[in-house]
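This is what each chain is made of:
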Number of protein chains: 2
Amino acid sequence: MQTLLFNLPTKIIMGNNCIQEHADVFKLGKKALIVTGHHSAKNNGSQADVETVLKKHNIDYALFDEVNSNPDIPTVYKGAEFAKKEQADFIIAIGGGSPMDAAKAIALLACQDIKEENLFSGQYDDKVLPMIHIPTTSGTGSEVTQYSILSNDNAKTKTTIATPLIFPAYALLDARYQENLPLTITVNTALDALSHNIESFLSLKINSLISQITQSGIKQIGDCFTALENNNITAEIREKLMYSSLMGGIAIAHTGTNIVHSLGYSLTYFRHIDHGRANALTIAEYLEFIAKNNPDKVKIILNCMNLPDVAAFKAKLTALLGEQEHFSLEELQSYTKIALKAKNINTSLTCPTKDDVLNLYKQSLI
Amino acid sequence: MQTLLFNLPTKIIMGNNCIQEHADVFKLGKKALIVTGHHSAKNNGSQADVETVLKKHNIDYALFDEVNSNPDIPTVYKGAEFAKKEQADFIIAIGGGSPMDAAKAIALLACQDIKEENLFSGQYDDKVLPMIHIPTTSGTGSEVTQYSILSNDNAKTKTTIATPLIFPAYALLDARYQENLPLTITVNTALDALSHNIESFLSLKINSLISQITQSGIKQIGDCFTALENNNITAEIREKLMYSSLMGGIAIAHTGTNIVHSLGYSLTYFRHIDHGRANALTIAEYLEFIAKNNPDKVKIILNCMNLPDVAAFKAKLTALLGEQEHFSLEELQSYTKIALKAKNINTSLTCPTKDDVLNLYKQSLI
């Protein structure tokens, strides 16, 4: 039989007021380092809620709020130096994928000296600061994964630290922090969650349990498409999106992503297209590509979303994406070379050739 | 929104030869205590496979193979004394629910002095021997739960130790050890797994993720009913049963069981009816009871099993159970009093009155 592996050491607590109602979770040490971006955690109330709980428990804290989108290597080394200087016992990450991914690298680098050339080696000591992750977007699923994805200027792409050491101890998910999240971010992160669930479902590494989890994630995000199109994003829709993102995170923690993410990284690195949007730009053609050999699997995805065929799936995406970016053949040829080097490209049910990758790019982006 | 909690610290590895292929898992210490029953682990090859792996890694071990069905309190104290005497660093449980549940209590008692009157208190120090669980039946799901259920002669029923401390570190599931499991045990344990998934799905504590997991468990066990009836139990059926049992275990780790288990304990304690069979004797009437207030939920269960109504569900069970035991009204009145005291009886979607419990017993068992 196919081997079933399941490993999710992160304790998940999702619900309104979960920070307040599970305040004991924060008793992980005497001093916390809050890792976040410049503004959003202050604006959506999450940082204030965390600070209130920390003060209530007399837990000291320092704030590192310098994480930009697509965090780079200098930022995480800087954060780690700050964690050491402040003698933080644990880390609280608040934000989208960028602060969460940066926090994981900081948690690792705060406890061990790793040279930059070894940062992605996978060879680490068994020492890391424990972490609480509080996602304030619904896309990355980083709160339940062992991945920290950083912009890597040497490789001119995004590179991943992958180690079970950096699974957060706790993921606390409260959809209320997303009430005022702008539509564009809501849509782009939702599309990232969709691509996590779909790529995982179409991965060679899928197993029965993860398959259920991804289908559940795809169904719930499918329920949100009309609301996203109409910018009618209720609290219930926010919860569904948060759930889908969580399912996608659990899924990719077990299977990784594959072709769509491999193709997307260059779109973000060279053209600064948002990560979720970058995935969405090629995912319909990816489904067509997989359907050639595995039509039944693609049919299951479409059924989860109540869509009759890939054309209908593409139409739904087009409505959400609006005017799409275009690329020259030269750009796409260059991206193809980079995508083929990505670790995750060969874990899809169908392994793409160089021509397949270029065709996926061309059909999606010219 | 409904709070979603998920906590499963046990690493799961399921597949043929998983003991051999993941032998590094056993490096949890210098000396292991193998906890098992008298015969089955020797007959099905699992104990020999474990011993081979331990010898390969030069890990010493001692054997405690005195666990009977429905293990009692003296057995686990005896096992803990043996673990201390042998200075075991970790425990390997091999067998069905009885050895696994006994192993959990032994792991706890080997590290801390707990008086018998405090054994079920839930108040323990943070010390326990780490455990690897290797289930060789497909019913209990104990390999992924924080429960140790022991026969309690003082309370004249089964009583549960429940603490996250006793989640096994690893669950290794290889269906090949069940190749020669007798039909009666196969059926009874499958019915236990079915009741775990169904009771969890109908629990007040259910959440979206656990709901998916239980539906997946119910579906796969539903696929096995005809094979169980016809005693045509292939390797593929064994895998499906093992998967269903695993899903049921993950589910009850989050929701607990409820009415059916509360009703079943007395049938086992006083009339020595196998645990899984005891559950199956009342589960059809339980579905009728729940359907009064929650017909849609019961419909989902029936759909998972491709059954049109509860009558068809009952007919399927009757075919598997064969001639059923009968009870006097006096017996059932006495059991009703005991069932009403069970902690888990009030977590079902509909909370039963005393009359409801007696009626469930009467409709099922007179």
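Residues numbered from 1 in each chain as written. Chains lettered and ligands numbered in written order. Predicted model: local features only at pLDDT ≥ 70, side-chain atom pairs only at ≥ 80, totals over all residues. Heavy atoms only, no water.

Under an unreviewed UniProt entry, the name given to chain A is Alcohol dehydrogenase class IV, and the source organism is Pectinatus brassicae.

K.L.:
Looking at this structure, I do not really get the overall build of chain A. What am I missing?
P.N.:
Assigned secondary structure in chain A consists of 15 helices and eight strands. Here the C-alpha radius of gyration of chain A, 20 Å, is about what a compact globule of 366 residues would show, namely 21 Å. A principal-axis box enclosing the C-alpha atoms of chain A has dimensions of 60 × 45 × 45 Å. A buried classification covers 62% of the 366 residues belonging to chain A. The contacts of chain A with a sequence gap of at least 6 include a subset with a gap of at least 24, amounting to 79%. Entry remark: accessible area of chain A is about 14000 Å², with carbon and sulfur atoms responsible for 48%. Here chain A holds 32 positive side-chain charges and 38 negative ones, and the gap between their average locations is 3 Å. (Helix = DSSP H or I, 4+ residues; strand = E, 2+ residues; numbered from the N terminus. Rg over C-alpha atoms; globule rule 2.2 N^0.38 Å. Buried < 20%, exposed > 50% of the residue type's maximum accessible area, 1.4 Å probe, protein only. Contact = heavy atoms within 4.5 Å. Areas by Shrake-Rupley, 256 points an atom, 1.4 Å probe, with all protein chains shown as cover. Lys, Arg positive; Asp, Glu negative; His and termini not counted. Charge placed at Lys NZ, Arg CZ, Asp CG, Glu CD.)

K.L.:
Is there a simple way to explain the sheet that holds strand β4 (residues 90–95) of chain A in this structure?
P.N.:
Strand pairing in a sheet takes place through backbone hydrogen bonds and is either antiparallel or parallel in direction. Read across the sheet, twelve strands follow the order β3(A)-β2(A)-β4(A)-β5(A)-β8(A)-β1(A)-β1(B)-β8(B)-β5(B)-β4(B)-β2(B)-β3(B) without closing on themselves; strand pairing throughout is mixed. Bordering the open sheet on either side are β3 (60–64) of chain A together with β3 (60–64) of chain B, each of which pairs with just one other strand. Between one strand and the next, the sheet's axes are offset by a mean angle of 25 degrees, whatever the strand orientation. Sheet topology places strand β2 (residues 31–35) of chain B next to β3(B); five bridges connect them, and they run parallel. Bridged to K31(B) within β3(B) is D60(B). Against the sheet, helix α3 (residues 46–56) of chain B engages β2, β3, β4 (90–95) and β5 (131–135) of chain B, with an angle of about 155 degrees to β4(B). (Pairing = 2+ DSSP bridges. Axes fitted to C-alpha atoms, helices over the stretch in contact; angles between N-to-C directions.)

K.L.:
For this particular structure, what's the right way to read the UniProt feature "domain: Alcohol dehydrogenase iron-type/glycerol dehydrogenase GldA" (unreviewed entry) in chain A?
P.N.:
Here, the residues flagged by UniProt with the feature "domain: Alcohol dehydrogenase iron-type/glycerol dehydrogenase GldA" (unreviewed entry) are residues 9–174 of chain A. With 27% helix and 26% strand, the stretch residues 9–174 of chain A has end C-alpha atoms that lie 20 Å from each other. (UniProt positions renumbered as here; feature names shortened; annotations may be inferred.)

K.L.:
When you look at the nonpolar core in this model, what are you seeing that I'm missing?
P.N.:
A general trend in soluble globular proteins is that nonpolar side chains are found buried together. All names here are of chain B. Formed by 54 residues in total, the largest nonpolar core has its most connected members in L191, I198, L267, F313 and Y361. Among the elements that take part in this core, helix α11 (residues 275–293) stands out by supplying ten residues, more than any other. Every residue in contact with L267, bar those within four places of it in the chain, is listed here: H272, I273, A278, L281, F327, Y335, Y361 and L365. (Core = buried A, V, L, I, M, F, W, Y, C linked by side-chain atoms within 4.5 Å.)

K.L.:
What's the story with the pattern of salt bridges in this structure? I'm lost.
P.N.:
Opposite charge on two side chains permits them to pair, given that their charged atoms come into close proximity. Enumeration according to the criterion identifies 28 salt bridges over all chains in this entry. E325(A) is paired through a salt bridge with R277(A); the nearest N and O atoms lie 2.9 Å apart. Taken together, the positions of E325(A) in the loop between α13 (310–321) and α14 (329–341) and R277(A) in helix α11 (residues 275–293) put the pair 48 residues apart, joining distant regions of the chain. Note on E325(A): relative accessible area 21%, which makes it partly exposed. With its nearest N and O atoms 3.6 Å apart, the salt bridge here joins K84(B) to D113(B). Placement of K84(B) in helix α4 (residues 73–85) and of D113(B) in the loop between α5 (97–109) and β5 is noted, with a sequence separation of 29 residues between them. (Salt bridge = Lys/Arg side-chain N within 4 Å of Asp/Glu carboxyl O.)

K.L.:
Got a minute to help me understand the side chain of N344(A) in this structure?
P.N.:
All names here are of chain A. As for its placement among the helices and strands, N344 is situated in the loop between α14 and α15 (354–365). Owing to a relative accessible area of 14%, N344 belongs among the buried residues under this scheme. Engagement of the side chain of N344 in a polar contact is seen with the side chain of T257, the distance being 2.9 Å. Not counting residues within four places of it along the chain, the set of residues in contact with N344 comprises T257, N258, I259, H261, S262 and Y265. (Polar contact = N/O pair within 3.5 Å; in protein donor to acceptor, adjacent residues only side chain to side chain.)

K.L.:
For this particular structure, what's the right way to read the relation of the copies chain B and chain A?
P.N.:
Its rotation angle being 180 degrees, the transformation that places chain B on chain A also includes 0.0 Å of axial translation and leaves an RMSD of 0.0 Å. In the structure described here, the two chain copies are related by an operation that fits a two-fold rotation axis. In terms of proximity to the rotation axis, the leading residue of chain B is P9(B), whose C-alpha is 2.5 Å off the axis. A shared binding surface is used by both copies, with 100% of the interface residues of chain B retained as interface residues in chain A. (Least-squares fit on C-alpha atoms with pLDDT ≥ 70 in both.)

K.L.:
Just to check I follow, could you spell out the pairing of strand β8 (residues 170–173) of chain B for this structure?
P.N.:
On a regular strand, one side chain projects to one face of the sheet and the next to the other, so that they alternate. All names here are of chain B. Residues Y170 and L172 of β8 are buried on one face, and the alternating residues A171 and L173, pointing to the opposite face, are buried as well. Both strand β1 (residues 4–14) and β8 contribute to a ladder of four bridges, which runs parallel. Within β8, the position partnered with M14 by the bridge is L173. Sheet topology places β5 next to β8; two bridges connect them, and they run parallel. Note on β8: the bridge partner recorded for I132 is Y170.

K.L.:
What exactly am I supposed to notice about the environment of Y170(B) here?
P.N.:
All names here are of chain B. Structurally, Y170 is set in strand β8. The exposure class assigned to Y170 is buried, which follows from its relative accessible area of 17%. Once the C-alpha coordinates of Y170 and P9 are considered, the two residues, 161 residues apart in sequence, prove to be 8.7 Å apart. Setting aside chain neighbours within four positions, we find Y170 in contact with T10, K11, V25, L28, M131, I132 and H133.

K.L.:
Which parts of the structure should I look at to understand the interface of chain B and chain A?
P.N.:
One frequent convention defines the size of an interface as the accessible area lost when the parts assemble. Counting residues at the interface gives 27 residues for chain B and 27 residues for chain A. Counting the contacts that link chain B with chain A gives zero salt bridges. Where chain B touches chain A, the interface holds four residue pairs in polar contact (both at pLDDT 80 or more). For the side of chain B that touches chain A, the secondary-structure elements that each account for two or more residues are β1, α7 (208–222) and α9 (235–255) of chain B. A per-element tally of the side of chain B that touches chain A places β1(B) first, with ten residues.

K.L.:
In this structure, what is going on with the packing of aromatic side chains? I would like to understand it.
P.N.:
Ring pairs (aromatic) are described by centroid distance and by the angle formed between their planes. Using the criterion set out here, one finds eleven aromatic pairs over all chains in the structure. Relative to F82(B), the ring of F64(B) lies with its centre 6.1 Å away and its plane at 35 degrees, an arrangement referred to as tilted. On the criterion of sequence distance, the pair formed by F64(B) in strand β3 and F82(B) in helix α4 is long-range, its members being 18 residues apart. With 5.6 Å between their ring centres and 10 degrees between their planes, F270(B) and Y335(B) make a pair best called stacked. Note that F270(B) is positioned in helix α10 (residues 259–271) and Y335(B) in helix α14 (residues 329–341), a separation of 65 residues in sequence. On the accessibility criterion, Y335(B) (3% relative accessible area) is buried. Cluster of aromatic residues (ring-pair linked, three or more members): Y269(A), F270(A), F327(A), Y335(A) and Y361(A). (Phe/Tyr/Trp six-rings, centres within 6.5 Å; stacked < 30°, edge-to-face > 60°.)

K.L.:
Is there a simple way to think about the domain arrangement of chain A in this case?
P.N.:
All names here are of chain A. What the domain assignment reports for chain A is domain 1 (11–177) and domain 2 (182–365). Between the C-alpha centres of domain 1 and domain 2 the distance comes to 25 Å. Between domain 1 and domain 2, the contact holds 26 residues from the first and 25 residues from the second. Across the interface of domain 1 and domain 2, roughly 2100 Å² is buried in total on both sides, 64% from carbon and sulfur atoms. Remark: the boundary between domain 1 and domain 2 carries zero salt bridges. The interface formed by domain 1 and domain 2 contains seven residue pairs in polar contact (both at pLDDT 80 or more). Those elements that place two or more of their residues in the side of domain 1 that touches domain 2 are β1 (4–14), β6 (147–152) and β7 (157–162). Per element, the largest residue contribution to the side of domain 1 that touches domain 2 is three residues, and it comes from β6. Of the residues in the side of domain 1 that touches domain 2, the class split is ten nonpolar, eleven polar and five charged. (Domains from an automatic or database assignment. Buried area = accessible area lost by both parts, 1.4 Å probe. Nonpolar A, V, L, I, M, F, W, Y, C, P; charged D, E, K, R; others polar.)

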